[in-house]
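Letter by letter, the chains look like this.
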Amino acid sequence: MRNKYCFTAVMLFCVALCAGIFTGICRTMQKDNEEGKFLAVTSFYPVYIAAANVIGDCPGIRLQNLSEPQTGCLHDFQLTPEDMKLLSSADVFLVNGGGMESFLTDTAKEYPELAIIETAKDLILPNGNAHAWMSVKSYRKMTETMTESLCSLFPDYEKELRENARVYDAKLKELEEAQQEIAADAEGKKIISFHEAYEYLAKDYGFEICYTLNLDEERQVSAGEAADVLSAARENHADILFAEELYGKEFSDMIKKEIDMEVYYPDTLVRGDYDPDAYINGMQDNIHLLKKAFGD
Ligand SMILES: [Zn+2]
């Protein structure tokens, strides 16, 4: 009888040992061969900056961005063969979600094993507007969603990841408080916007967008659209225009010739350099810009 128990115990021990070794082998295989690290890939710039802060110099995770830092939004982005190669070796793909990455459904089908984390999944996106990082409050939530997912995927590094995220979030909280200082001046002011992303600034500061012309890419503006912008500005007595410098400058200059408006170019934070503080610096510049726009 005792022998029987003994045999069962030995068997259980062997099973546990084999399972342990097997899990270990699987893990090592998943790790990026180059440096023996897990590979986290981000889809585009704002997600990369958030991940650079959360992952930081975490010893076991390597971070790489799929697109270039100057690519901008990924509304019409097509994956290249190199992108596909990168994704095939990734352990996690961190994306914005909400429709920003138009190629995502195909990617999920192509790489069923790949963990895809939509950082905006816990947010309600108004009118399907995916530029959620433009609200500091929403960006904090996206960063939190990212952190939770990374911690459950890479439990060995949970301590480092959580600590990095805590430090970053403290800085973001300060940003949010700085925004509140000018919210009283911005509240209820009417503006014209040339980029969908500014809807999230309106959300944070409380100003009102009475007309949006979406110039998120290089395109021609029709005479009808120009007339609509002018009549919206006149009807609403809006004398402030927010445009993205890259695609909106030329048209803004034209509008300014027709009607007396102040034009400002808030940073959409969709491109820049890979400095981990880039989001914070860019948002601080936006706070100064909006102070100028709405202050007296
Ligand atoms: Zn966009």
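Refer to the structure above for everything that follows.
The following refers to the structure shown. (Residues numbered from 1 in each chain as written. Predicted model: local features only at pLDDT ≥ 70, side-chain atom pairs only at ≥ 80, totals over all residues. Heavy atoms only, no water.)

1. Here we look at the overall build of the protein chain
Inference 1: The number of helices and strands found in the protein chain is ten helices and eight strands.
Inference 2: Counting all 296 residues of the protein chain, 47% fall into the buried class.
Inference 3: Of the roughly 15700 Å² of accessible surface on the protein chain, a fraction of 52% belongs to carbon and sulfur atoms. (Helix = DSSP H or I, 4+ residues; strand = E, 2+ residues; numbered from the N terminus. Buried < 20%, exposed > 50% of the residue type's maximum accessible area, 1.4 Å probe, protein only. Areas by Shrake-Rupley, 256 points an atom, 1.4 Å probe, with all protein chains shown as cover.)

2. Quick notes on helix α5 (residues 136-153)
Inference 1: With 18 residues, α5 should reach 26 Å at 1.5 Å per residue; the first-to-last C-alpha distance of 26 Å fits that figure.
Inference 2: Of all the residues in α5, the buried ones are Val136, Ser138, Tyr139, Arg140, Met142, Thr143, Thr145, Met146, Thr147, Ser149, Leu150 and Cys151.
Inference 3: Structurally, α5 contributes buried residues whose contacts are with α2 (45-55), β3 (92-95), β4 (115-118), α6 (158-186), α7 (198-205) and α10 (278-294). (Expected span 1.5 Å × (residues − 1). Contact = heavy atoms within 4.5 Å.)

3. Comments concerning the pattern of salt bridges
Inference 1: Enumeration according to the criterion identifies eleven salt bridges in this entry.
Inference 2: As a salt-bridge pair, Arg166 and Glu163 come within 2.8 Å of each other at their nearest N and O atoms. Placement of both Arg166 and Glu163 in helix α6 is noted, with a separation of three residues, approximately one turn of the helix.
Inference 3: Classification of Arg166 by relative accessible area gives exposed; the value is 51%.
Inference 4: A salt bridge links Glu244 to Arg271; the nearest nitrogen and oxygen atoms lie 3.1 Å apart. Remark: Arg271 occurs in the loop between β8 (262-264) and α10 and Glu244 occurs in the loop between β7 (240-242) and α9 (245-258); sequence separation between them is 27 residues. Residue Glu244 shares its accessibility class with Arg271, and that shared class is buried.
Inference 5: Via salt bridges that share partners, Arg140, Asp169 and Glu176 belong to a single interconnected network. (Salt bridge = Lys/Arg side-chain N within 4 Å of Asp/Glu carboxyl O.)

4. Thoughts on the side chain of Asn53
Inference 1: Note on placement: Asn53 falls in helix α2.
Inference 2: In this structure the side chain of Asn53 is engaged in a polar contact, spanning 2.8 Å, whose partner is the backbone oxygen of Ile49.
Inference 3: One polar contact links the side chain of Asn53 to the main-chain carbonyl oxygen of Pro276, over a distance of 2.9 Å.
Inference 4: Ignoring anything within four residues of it in the chain, the contact list for Asn53 reads Asn164, Tyr168 and Pro276. (Polar contact = N/O pair within 3.5 Å; in protein donor to acceptor, adjacent residues only side chain to side chain.)

5. Describing the pairing of β3
Inference 1: Burial along β3 is two-sided: the residues Val92 and Leu94 and Phe93 and Val95 are all buried.
Inference 2: As paired elements, strand β1 (residues 38-42) and β3 share three bridges and run parallel to each other. Bridging across to β3, Val41 finds its partner in Phe93.
Inference 3: Where β3 lies against β4, four bridges are found, and the strand directions are parallel. Paired with Phe93 across the strands is Ile116, a residue of β4. (Pairing = 2+ DSSP bridges.)

6. Focus on the coordination of the zinc ion
Inference 1: Those protein atoms acting as donors to the zinc ion are Cys73 (SG), His75 (NE2), His131 (NE2) and Asp216 (OD), and they sit at 2.0 to 2.2 Å.
Inference 2: Relative to the metal, the four donor atoms surrounding the zinc ion lie at angles of 88 to 131°, and the coordination shape comes out tetrahedral.
Inference 3: Each donor residue of the zinc ion lies on the same chain, and together they follow the pattern C-x1-H-x55-H-x84-D. Highlighted residues: His131 in the loop between β4 and α5 and Asp216 in the loop between β6 (208-212) and α8 (223-236), separated in sequence by 85 residues.
Inference 4: Note on His131: relative accessible area 1%, which makes it buried. (Donors = N, O, S within 2.8 Å, 3.2 Å for Na, K, Ca; no water. Tetrahedral: all angles 85-135°; square planar, octahedral: opposite > 155°, others 65-115°.)

7. Brief notes about the pairing of strand β5 (residues 190-193)
Inference 1: Taken together, the four bridges between β5 and β6 define a ladder with parallel strand orientation. Residue Ile192 lies in a different strand from β6, and its bridge partner there is Tyr211.
Inference 2: Note on the crossover from β5 through α7 to β6: the handedness is right-handed.
Inference 3: Looking at chain direction, β5 and β7 are connected through three bridges and run parallel. Note that in β7 the partner of Ile192 across the bridge is Leu241. (Right-handed = clockwise from strand over helix to strand, strands pointing away.)

8. Some remarks on the sheet that holds β4
Inference 1: Taken in spatial order, the four strands of this open sheet run β2-β1-β3-β4, and their pairing is parallel. This sheet does not close on itself; its edge strands, each paired only once, are β2 (61-65) and β4. Within the sheet, the average angular offset between the axes of one strand and its neighbour, ignoring direction, is 20°.
Inference 2: Running over the sheet, α2 touches β1, β2 and β3 and is turned about 165° from β2. (Axes fitted to C-alpha atoms, helices over the stretch in contact; angles between N-to-C directions.)

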